[in-house]
Amino acid sequence: MLSDHWPLLGLRLTTPRLELRLPTEDELARLADLAAEGVHEPERMPFLVPWTDLPPAERARSVVQHHWLRRGTWTPQDWALTLAVFRGGEVLGLQAVTGRDFAVRREVSSGSWLGLRHHGQGVGTEMRAAALELAFTGLGALEATSGAMAYNHASRAVSRKLGYREDGVEHHVVRGERVANTRLRIDRAAWERHRTTPVAIDGLDRCLPLFGLPQPA
């Protein structure tokens, strides 16, 4: 079985409403279709890399290519876990968790997107909580980071609710304009204080070497 060689295929994060896991090829196609429909209102760009400005067909293709790229370039020293988010079998969006030299630094970063028609339903908070539970409880992270543009109020609200603190501001050029991106950080103690969403993690033990971590005896 393919999962014998790539055990991440068996990793599952489950919350009261959601399931996060690697998608099958057919599910990846549905995720790409969702991106083609729209991820955010067009007047504001929430991403440092404006991939959603691509025409719908190219935007969909970029989702597929990015997912394949992240799988193909994975190493224990530099990895990116791109989990599709499901509710009742319907694909809602993507939650990514990334780590570089994680076995030593014990720090992850996260990023995500939801199909526009799934905004405003509390899904963003629940899927980020699942990612943080994987990081802190499953992988033993010490800190997690994220970021949000000043005008990305929904993302910043999710971060506040989960216990992140502001960690400075970086300036970038997006769509030819200077924009401020607020860095956000949460440590293990803050996560434990704000942790309210139950998350079940299944299939992680066999995956630990892929994150640069020892497998339990």
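Remember, predicted model here, so these are calculated numbers, not experimental data.

Mind laying out empty space enclosed by the protein, listing which residues take part and the relevant values?
The tally for this structure, following the rule as stated, stands at 1 cavity of 30 Å³ or more. Taken as a whole, the largest cavity holds about 40 Å³ of empty space. Lining the largest cavity, in full, are W6, L8, L22, H67, R70, R71, W74, A80, L81 and T82. Contributions of two or more residues to the lining of the largest cavity are made by α3 (56–72) and β3 (78–87). Split by residue class, the lining of the largest cavity holds 6 nonpolar, 2 polar and 2 charged.

Go over the pattern of salt bridges, please, and point to the residues and values.
Throughout the structure, instances matching the rule amount to 16 salt bridges. Between E37 and R117 there is a salt bridge, with the nearest N and O atoms lying 2.8 Å from each other. A residue pair is termed long-range when its members are at least 10 positions apart, and E37 in helix α2 (residues 25–37) and R117 in the loop between β5 (107–114) and α5 (123–138) qualify at 80 residues. Assessed through its relative accessible area of 52%, E37 is described here as exposed. For R165, the salt bridge is made with D167, and the minimal N-O distance between the two is 3.7 Å. Residue R165 is classed as partly exposed on the basis of its relative accessible area of 43%. Because the salt bridges share partners, they merge into one network encompassing R105, E107, E143, R165, D167 and R185.

Cut-offs applied
- Residues numbered from 1 in each chain as written.
- Predicted model: local features only at pLDDT ≥ 70, side-chain atom pairs only at ≥ 80, totals over all residues.
- Heavy atoms only, no water.
- 1 Å grid on protein atoms, 1.4 Å probe; cavity = no way out; pocket = protein on both sides within 12 Å on 5 of 7 lines; lining within 4 Å.
- Points joined across faces, edges and corners; volume = space filled by probe spheres on them.
- Helix = DSSP H or I, 4+ residues; strand = E, 2+ residues; numbered from the N terminus.
- Nonpolar A, V, L, I, M, F, W, Y, C, P; charged D, E, K, R; others polar.
- Salt bridge = Lys/Arg side-chain N within 4 Å of Asp/Glu carboxyl O.
- Buried < 20%, exposed > 50% of the residue type's maximum accessible area, 1.4 Å probe, protein only.

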